[in-house]
Amino acid sequence: MLENLIIRQERPDDYKNTELMTMRSFWNKYWPGCTEHFLVRIIRESKDYLPQLSLVAEVDKKIVGAVYYTRAWIFDDETKVKHEVVTFGPLAVEPTLEGNDIGGQLMRQSIEAAKKAGVAGIVVIGEPNYYPRLGFRRASEFRITDGAGNSFDAIMCLPLNDDFSKIKGRIIESKDFKKLEDEKRLQEINQEFPSYRKVKVQEGFMQIFEQHLGLVESIKDGVFYVRYWELLIPAKASDSLKEEPKVGSDVQFTWKRKGESKITKVFKNLLEGA
């Protein structure tokens, strides 16, 4: 945990720095590149944005985390009643400072703000191995599904008052999220930021949260030094590793700040030639 961490509301002069941090946070995690920095801009422009619940994290005057909240609704197909709740996303943390509970502190303080504002509950489609530690439960317990009526572990709910017990149905998010499909605007926005290397680990959908992607920069005495953003992280080969990393190898690795980091996979970036 960082002693000098400040949690506060975002200011206009934070906007560009927050978008860049968000871009770094999600880069190559779901697919090559990301769109979350574009989503942040869309949310700020939306009538469904809830700035009073949205927060940023700052360390030494640098933005290192952020969470954004918007209105959402649960529509009950039986009664035709639409209940207002809230959702959040993206929740972003500066990648070189992961493991310092920045995301946790952003969530705990924003949840408390939502409680004080009288919000019935929070519904999110997110990482099912992370959010339960903050009190989130599977949406299926509340008979809540995604917009198409599907139920799966990534849909989670956090009741904030007794009104939530009366709510069931399908999640409806802000219509403004559809603006993410504007590929032309995404490319224009990307021109405002540094150009980062895109990596494709596998065909289809990637979801890389428990591990990280890096590039082996050097090897010495059985230790592989993996470039991860501005950091050079020493790592050993895991027992299950099938291919010996070389200098220049793309790898997946587990990063242990207080312990031994391990390379778990050597892969070929599918976006680059043989």
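Let me begin by describing the structure that accompanies this report. (Residues numbered from 1 in each chain as written. Predicted model: local features only at pLDDT ≥ 70, side-chain atom pairs only at ≥ 80, totals over all residues. Heavy atoms only, no water.)

**Side note on the overall build of the protein**
Along the protein, the regular secondary structure elements total four helices and 14 strands. Projected onto its principal axes, the C-alpha coordinates of the protein cover approximately 65 × 40 × 40 Å. A separation of at least 24 residues holds for 68% of the contacts in the protein among residues at least 6 apart in sequence. A total accessible area of about 14,300 Å² is found for the protein, and carbon and sulfur atoms account for 49% of it. (Helix = DSSP H or I, 4+ residues; strand = E, 2+ residues; numbered from the N terminus. Contact = heavy atoms within 4.5 Å. Areas by Shrake-Rupley, 256 points an atom, 1.4 Å probe, with all protein chains shown as cover.)

**Let's talk about helix 3 (residues 102–116)**
Every α-helix carries 3.6 residues per turn, so stepping three or four residues along brings you back to the same face. With 15 residues, helix 3 ought to run about 21 Å at 1.5 Å a step, and its terminal C-alpha atoms sit 22 Å apart, in line with that. Among the residues of helix 3, those classed as buried are Ile102, Gly103, Gly104, Gln105, Leu106, Met107, Ser110, Ile111 and Ala114. On the buried face of helix 3, the contacting elements are strand 1 (5–8), strand 2 (55–59), strand 3 (62–76), strand 4 (81–93), strand 5 (121–125) and strand 8 (155–159). Just downstream of helix 3, Gly118 is the residue with a positive phi angle, here 80°. (Expected span 1.5 Å × (residues − 1). Buried < 20%, exposed > 50% of the residue type's maximum accessible area, 1.4 Å probe, protein only.)

**Regarding the packing of aromatic side chains**
Within the structure shown, the criterion is met by 16 aromatic pairs. The interplanar angle of 65° and the centroid separation of 5.3 Å between the aromatic rings of Phe88 and Tyr131 together place this pair among those described as edge-to-face. Of the two residues, Phe88 sits in strand 4 while Tyr131 sits in the loop between strand 5 and strand 6 (137–138), which places them 43 residues apart along the sequence. Neither Phe88 nor Tyr131 differs from the other in exposure class; each is buried. Their ring planes at 85° and their centres at 4.9 Å tell us that Tyr196 and Trp229 sit as a pair that is edge-to-face. Taken together, the residues span a long stretch of sequence, with Tyr196 in the loop between helix 4 (183–190) and strand 10 (212–220) and Trp229 in the loop between strand 11 (223–228) and strand 12 (231–237) at a distance of 33 residues. Judged by relative accessible area, Trp229 falls into the partly exposed class, the value being 21%. Here the aromatic cluster, defined as three or more aromatic residues joined through ring pairs, consists of Phe26, Tyr30, Trp31, Phe205 and Phe209. One residue, Arg44, lies across the ring of Tyr15, its end atom 3.9 Å from the ring centre. (Phe/Tyr/Trp six-rings, centres within 6.5 Å; stacked < 30°, edge-to-face > 60°. Lys NZ or Arg CZ within 6 Å of the ring centre and 35° of its normal.)

**Structural notes on the pairing of strand 10**
Residues in a regular strand point their side chains to alternate faces of the sheet. As judged from the four bridges shared by strand 10 and strand 13 (residues 250–254), these two strands associate in the antiparallel manner. Within strand 13, the residue paired with Gly214 across the bridge is Val251. Relative to strand 11, strand 10 runs antiparallel, the two being bridged by five bridges. Of the residues in strand 11, the one forming a bridge with Val216 is Val226. Linking strand 10 to strand 11, which pair antiparallel, is a turn of two residues; within it Asp221 sits at a positive phi near 55°. (Pairing = 2+ DSSP bridges.)

**Side note on the sheet that holds strand 12**
What the five strands build is a closed barrel, ordered 10-11-12-14-13; its pairing is mixed. For this sheet the average axis-to-axis angle between neighbouring strands, irrespective of direction, equals 55°. (Axes fitted to C-alpha atoms, helices over the stretch in contact; angles between N-to-C directions.)

**Some points on the environment of Met21**
Along the chain, Met21 falls in helix 1 (residues 15–26). When its relative accessible area of 2% is taken as the criterion, Met21 is described as buried. Setting aside its immediate chain neighbours within four residues, Met21 contacts Ile63, Val64, Gly65, Ala66, Ala92, Val93 and Glu94.

Everything listed here is a matter of coordinates, which is why it stays silent on function.
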